[in-house]
Amino acid sequence: NIADLMQDGETIQLGCGGLPHAVAENLMSKKDLGVHTEMFSTSLYHLMDAGVVTNDKKSINRGKSICAFCWGDDDFNRYIDFNPGIQVLPLTYVNDPNTIMANDNMVSINSALEIDLTGQICSESIGPRQFSGTGGAYDFAYGAFHSKGGKGIIAVKATAKKGTVSRIVVGLDFGSVVSIQRNIADYIVTEYGIAHVRNLCVRDRVQALIGIAAPQFRDQLREQAKEYKLW
C-alpha cells in the first residue's frame with residue numbers, strides 16, 4: 001500500500017524496525033529516489049546500491065543521501081566507508097523541520113504503537129510506560145506535512161498480540177504519549193488499506209480509520225465511536 005503512494009523522484013525518510021525494512025523492499029521498482037533521514041539504515045543502503053536512490057531529483061543537497069547517523073552490518077559499514085554519496089550532518093540540521101520541508105516531495109515513513117480514531121498517534125509508549133525513544137518521527141511528520149508535494153505516512157500492522165488487540169482505538173490508553181498530533185496526521189496505512197486523514201473532519205476521520213482497522217474490531221470501534229459521540 002505504501003509503495004502505491006510513492007512516486008519516482010521523491011525524497012524519503014525511513015524509521016527503524018521491520019516494517020520500514022519491508023517498505024524499502026517494496027520500493028525496488030521506483031526510480032531516482034532521494035534520501036533525507038535521521039538514520040541511514042541497511043534498507044536504504046540496499047536501495048542506494050541497487051540504483052533506486054540516486055538523489056538526482058532532490059531540491060536541496062542534490063546528489064547526497066543526508067543522515068544524522070548510520071546503523072548496519074559489516075557489509076553496510078564497508079559500503080558507507082568514505083562513500084561520497086552519503087553525508088552525515090548534525091542532528092540539529094537533519095531533523096530541523098525547516099530543513100526537512102525544504103525538500104520538495106518529501107515523504108516520511110514511520111511506524112506507531114497505537115492510533116486513535118481522531119488521528120492522534122502514539123509511537124513511543126504503552127500507556128504511561130516508555131517503550132521506545134522519542135526519535136525524530138514528529139520532526140519528519142511535520143516537515144513532510146509542510147513540504148511542497150510532501151506526504152507524512154504512518155504505517156502500522158492493524159493488530160498486536162497475535163491479532164487480539166487493535167492498534168486503531170477509540171482513544172489512546174491512559175497515559176499514552178501523543179507523539180504526532182492529529183493536526184499533522186496525513187496518511188495512515190495498514191494491511192487493510194490507506195486512510196488519508198489530512199484536512200478531514202472528525203466524523204470523516206473516524207470512518208476512514210475504522211475502514212483500515214482489522215475487520216474483527218470494526219463493529220466494536222463503530223459502537224465506541226457512537227458512545228463517545230465521535231459521529
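Structure shown above.
Residues numbered from 1 in each chain as written. Predicted model: local features only at pLDDT ≥ 70, side-chain atom pairs only at ≥ 80, totals over all residues. Heavy atoms only, no water.

Visitor: What exactly am I supposed to notice about the overall build of the chain here?
Guide: Across its full length, the chain carries 9 helices and 17 strands. Taken over C-alpha atoms, the radius of gyration comes to 18 Å for the chain, in line with the 17 Å a tight globule of 231 residues would show. Taking the principal axes of its C-alpha atoms as reference, the chain extends roughly 60 × 35 × 30 Å. Within the chain, contacts between residues separated by at least 24 positions form 66% of all contacts whose residues are at least 6 apart in sequence. Of the roughly 10,900 Å² of accessible surface on the chain, 50% is carried by carbon and sulfur atoms. Of note, the chain has its 22 positive side-chain charges centred 6 Å away from the centre of its 25 negative side-chain charges. (Helix = DSSP H or I, 4+ residues; strand = E, 2+ residues; numbered from the N terminus. Rg over C-alpha atoms; globule rule 2.2 N^0.38 Å. Contact = heavy atoms within 4.5 Å. Areas by Shrake-Rupley, 256 points an atom, 1.4 Å probe, with all protein chains shown as cover. Lys, Arg positive; Asp, Glu negative; His and termini not counted. Charge placed at Lys NZ, Arg CZ, Asp CG, Glu CD.)

Visitor: Is there a simple way to think about the side chain of Arg-205 in this case?
Guide: Looking at the element boundaries, Arg-205 is found in helix H8 (residues 202-210). Side-chain polar atoms of Arg-205 contact the backbone oxygen of Thr-118, separated by 2.8 Å. When sequence neighbours within four positions are dropped, the list of residues in contact with Arg-205 reads Leu-117, Thr-118, Gly-119, Arg-182, Ala-185, Val-197, Asn-199 and Leu-200. (Polar contact = N/O pair within 3.5 Å; in protein donor to acceptor, adjacent residues only side chain to side chain.)

Visitor: When you look at the pairing of strand E1 (residues 11-14) in this model, what are you seeing that I'm missing?
Guide: The two faces of E1 match: Thr-11 and Gln-13 on one face and Ile-12 and Leu-14 on the other face are all buried. Of the pairings in the sheet, the one linking E1 to strand E2 (residues 34-35) comprises 2 bridges and is parallel in character. The partner of Ile-12 across the bridge, within E2, is Val-35. Crossover connection from E1 via helix H2 (residues 18-25) to parallel E2: handedness right-handed. (Buried < 20%, exposed > 50% of the residue type's maximum accessible area, 1.4 Å probe, protein only. Pairing = 2+ DSSP bridges. Right-handed = clockwise from strand over helix to strand, strands pointing away.)

Visitor: Would you mind going over the layout of surface pockets with me for this structure?
Guide: Summary: where empty space remains is shown by rolling a probe the size of a single water molecule over the atoms. Within this model, the largest pocket holds a volume of roughly 590 Å³. Lining the largest pocket are 27 residues, and of these Cys-16, Ser-111, Ala-112, Ser-123 and Ser-132 lie nearest its centre. Mapped by element, the contributors of at least two residues to the lining of the largest pocket are E1, H2 and strand E7 (106-111). Counting residues per element, the lining of the largest pocket draws most heavily on H2, at 3 residues. Looking at the lining of the largest pocket residue by residue, the class counts come to 11 nonpolar, 13 polar and 3 charged. Empty space within the second largest pocket amounts to approximately 460 Å³. Around the second largest pocket, the lining comprises 22 residues; the ones closest to its centre are Leu-113, Glu-114, Val-165, Ser-166 and Asp-173. Within the residue set of the lining of the second largest pocket, elements represented by two or more residues are strand E10 (125-126), strand E14 (165-166), strand E15 (168-169) and helix H9 (215-227). (1 Å grid on protein atoms, 1.4 Å probe; cavity = no way out; pocket = protein on both sides within 12 Å on 5 of 7 lines; lining within 4 Å. Points joined across faces, edges and corners; volume = space filled by probe spheres on them. Nonpolar A, V, L, I, M, F, W, Y, C, P; charged D, E, K, R; others polar.)

Visitor: Any chance you could explain H9 here in plain terms?
Guide: An α-helical turn contains 3.6 residues, so a residue and the one three or four places further along point in the same direction. The set of residues buried in H9 consists of Phe-217, Arg-218, Leu-221 and Ala-225. Against the buried residues of H9 lie strand E13 (159-160), E14, E15 and H8.

Visitor: Would you take a moment to explain empty space enclosed by the protein for this structure?
Guide: Using the criterion set out here, one finds 1 cavity of 30 Å³ or more in the structure. Its volume calculated, the largest cavity comes out at about 30 Å³. Along its surface, the largest cavity is lined by Ile-121, Ala-141, Gly-152, Ile-154, Ile-180, Ile-184, Ala-185 and Asp-186. Of the residues that constitute the lining of the largest cavity, the class distribution is 6 nonpolar, 1 polar and 1 charged.

Visitor: So what exactly am I meant to see when it comes to the sheet that holds E15 here?
Guide: Either a parallel or an antiparallel arrangement is found when strands of a sheet pair, and the pairing is made through backbone hydrogen bonds. Taken in spatial order, the 3 strands of this open sheet run E9-E8-E15, and their pairing is mixed. Here the strands that pair on one side only, and so sit at the sheet edges, are strand E9 (121-122) and E15. The pairing of strand E8 (residues 114-116) with E9 spans 2 bridges and is classified as antiparallel. From the neighbouring strand, Ile-115 faces E9, where its bridge partner is Ile-121.

Visitor: Could you clarify how one ought to interpret the packing of aromatic side chains in this entry?
Guide: Here the distance between the centres and the angle between the planes together describe a pair of aromatic rings. The full count for this structure, using the stated rule, is 4 aromatic pairs. Considering the side-chain rings of Tyr-45 and Phe-76, the 6.0 Å spacing of their centres and the 70° angle between planes classify their relative orientation as edge-to-face. Highlighted residues: Tyr-45 in helix H3 (residues 42-49) and Phe-76 in helix H4 (residues 74-80), separated in sequence by 31 residues. Take Tyr-45 and Phe-76: they sit in the same class, and that class is buried. Between Tyr-138 and Tyr-142 the ring centres are 6.0 Å apart and the planes differ by 40°, which places this aromatic pair in the tilted class. One end of the pair, Tyr-138, and the other, Tyr-142, are both in helix H7 (residues 137-146), 4 residues apart, so they sit about a helical turn from each other. Tyr-142 sits in the partly exposed class, given a relative accessible area of 29%. Every member of this aromatic cluster is reached through a ring pair, and the members are Phe-40, Tyr-45, Phe-76 and Tyr-79. The residue whose ring lies beneath Arg-198 is Phe-145, and the NZ or CZ to ring-centre distance is 3.9 Å. (Phe/Tyr/Trp six-rings, centres within 6.5 Å; stacked < 30°, edge-to-face > 60°. Lys NZ or Arg CZ within 6 Å of the ring centre and 35° of its normal.)

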